[in-house]
Amino acid sequence: MFQNRREGLALALPAAIFTLLVFLLPVSIFLSEAFRFDGGWSLQGYVQFFSEPLNQSVFLRTLKLGALVAGSSAVIGYAAAFCIVNLDGRARGQIFGLVVLPLMISPVARTYAWIVILGRTGIVNDTIVGLGLSETPIRLLFTETAVFLGLLQLFLPLMIISLVSAMENLPRDVIPAARVLGASWLQVFTRIILPLTREGLVMGGTLVFTGSLTAYITPAILGGSKVLMLETLLYQKVNVSNDFVSASVIAMILIVMSFSANLLLKRIATARR
């Protein structure tokens, strides 16, 4: 057994060295810039970053949109997952395939499709003007609503897939038994479905929230310079301002927010068991 362990470690060593040199070391060097100030180690970079009103608003906007996308994905995802797991085998496979299909399309193409929908001459504005709800097209692009819709469409499949996997493990008789005993659908969801599928919710919530925080293409295209998020701000700091200290601070903030969201969801899931 000891010999097998040594052989396993020997086989894993090249991959570990490659990961260390190609990924961990460069990322660590970049992130260390967030703690350097005037030739020493300090948290002054974070103080300066959060002292600017623009950075504060971008941070709060990113946190707000990430939470809204994750919450909306959970609501829609539970409804979709419940319908999918209660379908017959062939129909379930077809609907599940439609859920997975957007993941096979480039995020750039999926995001540009929203320009066709939300543009001044897009489908939504044509409908609004055609129905007489407005005399002129309204601005839908380069708003938080456009970014929210783009992120929701981008990451909703991840939530649905996580919840479908969790709900497929539900015992088939628990929901009918609860209904026979007089439980309402709200009680069935809060006392049976939610507790038994909480792991899937934690996984899906982490993927959606983290993806919304770190997405660049969708906020850049649908939000532009009018709806900055941390990722687009990081791009500007590196490629426009050459401010690598602020970029390192933003990267560290994104990492901390992602891990914090996962820990918070796990804590909630554990606390309510």
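S.K.: Just to check I follow, could you spell out the overall build of the protein chain for this structure?
M.R.: Each helix and strand in the protein chain was counted, giving 13 helices and two strands. Along the longest, intermediate and shortest principal axes, the C-alpha atoms of the protein chain span 75 × 70 × 35 Å. When contacts within the protein chain are restricted to residue pairs at least 6 apart in sequence, those whose partners lie at least 24 apart make up 71%. Accessible surface, the protein chain as shown: approximately 16000 Å² in total, 68% of it carbon and sulfur. Positive and negative side-chain charges in the protein chain, numbering 20 and 13 respectively, have mean positions lying 8 Å apart.

S.K.: Looking at this structure, I do not really get the packing of aromatic side chains. What am I missing?
M.R.: The geometry of two aromatic rings is summed up by the distance between their centres and the angle between their planes. Here the structure, examined in full by the defined rule, presents five aromatic pairs. Where F49 meets F50, the ring centres are 5.2 Å apart and the plane angle is 90°; that geometry is what we call edge-to-face. Judged by centre distance (5.0 Å) and plane angle (90°), the ring pair of Y78 and F189 falls under edge-to-face. With Y78 in helix α3 (residues 53-85) and F189 in helix α9 (residues 185-196), this pair connects stretches of sequence that are 111 residues apart. By the ring-pair criterion, three or more aromatic residues cluster together here, those being F49, F50 and F59.

S.K.: What is the right way to look at the side chain of T206 in this model?
M.R.: Inspection of the secondary structure puts T206 in helix α10 (residues 198-214). At 2.7 Å, the side chain of T206 and the backbone oxygen of V202 are in polar contact.

S.K.: What am I meant to see in the layout of surface pockets here?
M.R.: The gaps of empty space that remain are located by a probe, the size of a water molecule, rolled over the atoms. Counted as a void, the second largest pocket has a volume near 150 Å³. Broken down by class, the residue content of the lining of the second largest pocket amounts to eight nonpolar, one polar and one charged.

S.K.: I keep staring at the environment of S162 and nothing clicks. Help me out?
M.R.: One can find S162 in helix α7 (residues 144-167). Its relative accessible area of 10% is what places S162 among the buried residues. As for S162 and N55, which are separated by 107 residues in sequence, their C-alpha atoms are 33 Å apart.

S.K.: Please clarify how the pattern of salt bridges should be interpreted in this entry.
M.R.: Two side chains bearing opposite charge may form a pair once their charged atoms approach each other closely. Taken as a whole and judged by the stated rule, the model has three salt bridges. With its nearest N and O atoms 3.1 Å apart, the salt bridge here joins E144 to R61. Taken together, the positions of E144 in helix α7 and R61 in helix α3 put the pair 83 residues apart, joining distant regions of the chain. E144 sits in the partly exposed class, given a relative accessible area of 28%.

S.K.: Got a minute to help me understand the domain arrangement of the protein chain in this structure?
M.R.: How big an interface is tends to be stated in terms of accessible area lost as the parts join. By domain assignment, the protein chain separates into domain 1 (1-42) and domain 2 (46-271). One C-alpha centre belongs to domain 1, the other to domain 2; they are set 31 Å apart. Across the boundary between the two partners, domain 1 contributes seven residues, which contact 10 residues of domain 2. One can count zero salt bridges joining domain 1 with domain 2.

Cut-offs used in this document
Residues numbered from 1 in each chain as written. Predicted model: local features only at pLDDT ≥ 70, side-chain atom pairs only at ≥ 80, totals over all residues. Heavy atoms only, no water. Helix = DSSP H or I, 4+ residues; strand = E, 2+ residues; numbered from the N terminus. Contact = heavy atoms within 4.5 Å. Areas by Shrake-Rupley, 256 points an atom, 1.4 Å probe, with all protein chains shown as cover. Lys, Arg positive; Asp, Glu negative; His and termini not counted. Charge placed at Lys NZ, Arg CZ, Asp CG, Glu CD. Phe/Tyr/Trp six-rings, centres within 6.5 Å; stacked < 30°, edge-to-face > 60°. Polar contact = N/O pair within 3.5 Å; in protein donor to acceptor, adjacent residues only side chain to side chain. 1 Å grid on protein atoms, 1.4 Å probe; cavity = no way out; pocket = protein on both sides within 12 Å on 5 of 7 lines; lining within 4 Å. Points joined across faces, edges and corners; volume = space filled by probe spheres on them. Nonpolar A, V, L, I, M, F, W, Y, C, P; charged D, E, K, R; others polar. Buried < 20%, exposed > 50% of the residue type's maximum accessible area, 1.4 Å probe, protein only. Salt bridge = Lys/Arg side-chain N within 4 Å of Asp/Glu carboxyl O. Domains from an automatic or database assignment.

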